Amino acid sequence: MKTYKFKTTINCGSCVRAVTPHLNKLEGVQDWKVDTDNPDKILEVSTENLDAQTIKGTVEKAGFKAEQV
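Going by the annotation in an unreviewed UniProt entry, the name recorded for the protein is Copper chaperone CopZ, with Pontibacter ramchanderi given as the source organism.

In C-alpha cells:
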C-alpha cells in the first residue's frame, strides 16, 4: 500500500464535503483524510494501485488544487 500526500486548497469542512464523493468514487482508494489544521491543508490518500497523477486529477475535477509533497 502506498500513501500519497498533497498540499491542497481544501481548507474547511464544506470543502471536504465537496471532494468526498469524488475521492470515495475513485476505484482503488483505501483511505483518505485532509488535515485542515495544517497550513498546507495536507491530503493523505492510501491506495494499492493508483498513481499520484490520478489522485491529483480527481481533486482538481472537484474544484481544488493539489500539489504532491
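### Considerations on the environment of threonine 3
Its location among the elements puts threonine 3 in strand E1 (residues 2-8). The exposure class assigned to threonine 3 is partly exposed, which follows from its relative accessible area of 44%. Threonine 3 sits 26 residues away from valine 29 along the chain, and the two C-alpha atoms are 9.9 Å apart. Once you skip the residues sitting within four places of it in the chain, threonine 3 turns out to touch Glu44, Val45 and Ser46. At 3.2 Å, the side chain of threonine 3 and the side chain of serine 46 are in polar contact.

### Quick look at the nonpolar core
The biggest cluster of nonpolar side chains holds 19 residues, and the ones touching the most others in it are Trp32 and Leu43. Secondary structure elements with two or more residues in this core: E1, helix H1 (13-25), strand E2 (29-35), strand E3 (42-47) and helix H2 (52-61). With near-sequence residues (within four places) excluded, tryptophan 32 lies in contact with Val16, Val19, Thr20, Leu23, Asn24, Leu43, Glu44 and Val45.

Calculation rules
Residues numbered from 1 in each chain as written. Predicted model: local features only at pLDDT ≥ 70, side-chain atom pairs only at ≥ 80, totals over all residues. Heavy atoms only, no water. Helix = DSSP H or I, 4+ residues; strand = E, 2+ residues; numbered from the N terminus. Buried < 20%, exposed > 50% of the residue type's maximum accessible area, 1.4 Å probe, protein only. Contact = heavy atoms within 4.5 Å. Polar contact = N/O pair within 3.5 Å; in protein donor to acceptor, adjacent residues only side chain to side chain. Core = buried A, V, L, I, M, F, W, Y, C linked by side-chain atoms within 4.5 Å.

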